[in-house]
Amino acid sequence: MTTRRLVALLFGAASALAGAAAAQAPAIKSPPAQPVLVGQMIVKLRAAGVDSDRVSGMSAERARRLSSAVGQSLTPLRAMSGEAAVLRLAQPLAAADAQQLAQALARDPAVEWAAPDLPVKRLQSSPPDANFPTRQWNLLPANAQFVSASLVTPASTVSFSATGGANGPLAWSITRGSAAVRVAVIDTGVHLSHPDLVANLLPGYDFISADALAVAPFNAPLHFVANDGNGRDPDAGDPGDWVTAEEAAAYPNLCGAGDVGPSTWHGTSMAGLIAALWTAANPNPPGTSLAGLAPEVRIVPVRALGKCGGTTADVIDAIRWSAGLAVPGVPLNPNPARLISLSLGTAAGACNAAYQSAVNDVLAAGAAVVAASGNDAANAVSQPANCAGVIGVTAHAINGDNATYANIGPEVALSAPGGGRPSLAALAPLDADQTAYYVWAPSLFGATTPASAAGSGDARSGPATGGLTGTSAAAAQVAAAAALLWSVDPSLAGPQLRAFLTSTARAHPAAGYCATEPTAQNRCGAGLLDAGAAVDAVYRAQQQQRRGDGGGGALPLAALLLVPLLGAAGRLRRASAGGAVLMS
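For clarity, every value in this text was computed on a predicted model and none was experimentally measured.

Visitor: What is the right way to look at the nonpolar core in this model?
Guide: One recurring pattern in soluble globular proteins is that nonpolar side chains are buried together. I274, V478, L485 and L501 are the most contacted members of the largest nonpolar core, which has 74 residues in total. When residues of this core are assigned to their parent elements, the largest contribution, 14 residues, is made by helix α10 (residues 471-488). Grouped together as the second largest cluster of nonpolar side chains are 32 residues, V300, A358, V362 and V412 included.

Put into structure tokens, the structure is as follows:
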């Protein structure tokens, strides 16, 4: 039987940029709660016989009778919405005592309900991480000003409007995620002790077969792709995926020139974009200066890609396992994920039956699948992002214009921040030496293994932050946004989840490629990811549903790796399409 070899790409190139020795950062702890004192009560009277008190505010006589009944002096202060009244206490009470007073007031036949007028504070809606304001334009509200520094001369800065930002602060004012929501990141594995991730990691699995890509014409040695000396096992850690020029020359049908380079730590970066911890320590421990979009969800790391790529068969098994479905010879996943994030894909062609079958199975199990569109600068979407039911994601630059490398097509649901150069809308002087050019994520310095140094003449090792570009990063951020939606309302069905993401997306920029190029019409998705607007819409719908007045759930998911098809299995290669590797 004739087999086909499809080019596989790594959608996005990650690099380490900051940090020194590895240091484990503890999960953020809330500061000790200050004693809460209550100086006022809110009381609503029943309608019968007290209409004047409900409309114009409680009378002094009514307040006197209530004071006598509960043994506390209450003075009418003002009427408020909902026909309730605010009453002032003669002396502040501790919150617990004020709650007991509310219960006592509610026992009065004239009182419908009572509650302490508790103090309200603004919820923190911006991460404390040092590099959030200086690197993470991708999480800012639309049109926020982002001061981009030169990576060569940091004192040289230029200001950009972050039109493409995902609006994290509005989302965080409602939720930072829930530990009950699990996201499977199917990728190169994750550095399991990375301080920005360790507290959010659940047990995962390594799905790279011992003989991955060992068949002709690839002829990989046993364990070459896995690079860990064994086959499938419960260790989802990333041992590194570096490729030497000698290896590429020895296996020319397996590794191309674009595969040659240091380890990408791509899975670590994708997991970090989703759920990197918020770290308030000053200074931040190495590798912990960036914030995840959903820092309180949990990550299930699943390894399916290694040196020079992986196989379709391994990825498909990983997809099913992630959702809690059976895979022969592998224990069931004890932590099934509701979201499956795929910063990988096959370079071309319609979604094949194997992928579609796996997608259908996990959708039926209640999971959602988010996948990157590809980095070929093509008017076609890669597999599995083009499979029915998958939330396909393209990428845009800081100004919201479609990135030059990003694939588009009718299967794209929306666009998310991916960095790089805009396709059409001019944005001088944006270039690869600007922090605004990249999406930043947790990474490692290691050029080969996790503990290795960055390279010749650079002894730094351990956790770091890395800059990357590509639809890989875009897909991970949409997966994070979807995780926030499910954190607010776990009852949402998959189609509702997609609808909230797309219906709240901001319009593509009027001067950009997706809005003006005839061949791009209806091929860039609904617009730009607005995580804040999506979370807010779900929250409001949920509140309406709880009040019983309608709405709620009525609305009809790096270096990105491509998995080519080889009969029943495929191969995937790493390349730098969509991003340049940086080290500093």
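Visitor: Would you take a moment to explain the packing of aromatic side chains for this structure?
Guide: Given two aromatic rings, their pairing is described by the distance between the two centres and the angle made by the two planes. Enumeration according to the criterion identifies eight aromatic pairs in this entry. Between the aromatic rings of Y205 and W321, the centroid separation amounts to 5.7 Å while the plane-to-plane angle is 45°, which identifies the pairing as tilted. Of this pair, Y205 sits in strand β9 (residues 205-206) while W321 sits in helix α8 (residues 312-322); the two residues are 116 residues apart in sequence, bridging distant segments of the chain. On the basis of relative accessibility, which here comes to 2%, the residue W321 falls in the buried class. Feature note: the residues F132, W172 and W278 constitute an aromatic cluster, connected by ring pairs. Over the ring of W440 we find R135, and its NZ or CZ is 4.2 Å from the ring centre. Geometry around W486 places R338 over its ring, the cationic atom sitting 3.7 Å from the centre.

Visitor: So what exactly am I meant to see when it comes to the confidence of the model for the protein chain here?
Guide: With 84% of its residues at a pLDDT of 70 or more, the protein chain has an overall mean of 84. Confidence drops under pLDDT 50 across residues 550-584; counting only partners more than four residues distant or on other chains, this segment forms 204 contacts.

What counts as what
- Residues numbered from 1 in each chain as written.
- Predicted model: local features only at pLDDT ≥ 70, side-chain atom pairs only at ≥ 80, totals over all residues.
- Heavy atoms only, no water.
- Core = buried A, V, L, I, M, F, W, Y, C linked by side-chain atoms within 4.5 Å.
- Buried < 20%, exposed > 50% of the residue type's maximum accessible area, 1.4 Å probe, protein only.
- Helix = DSSP H or I, 4+ residues; strand = E, 2+ residues; numbered from the N terminus.
- Phe/Tyr/Trp six-rings, centres within 6.5 Å; stacked < 30°, edge-to-face > 60°.
- Lys NZ or Arg CZ within 6 Å of the ring centre and 35° of its normal.
- pLDDT = per-residue confidence, 0-100.
- Contact = heavy atoms within 4.5 Å.

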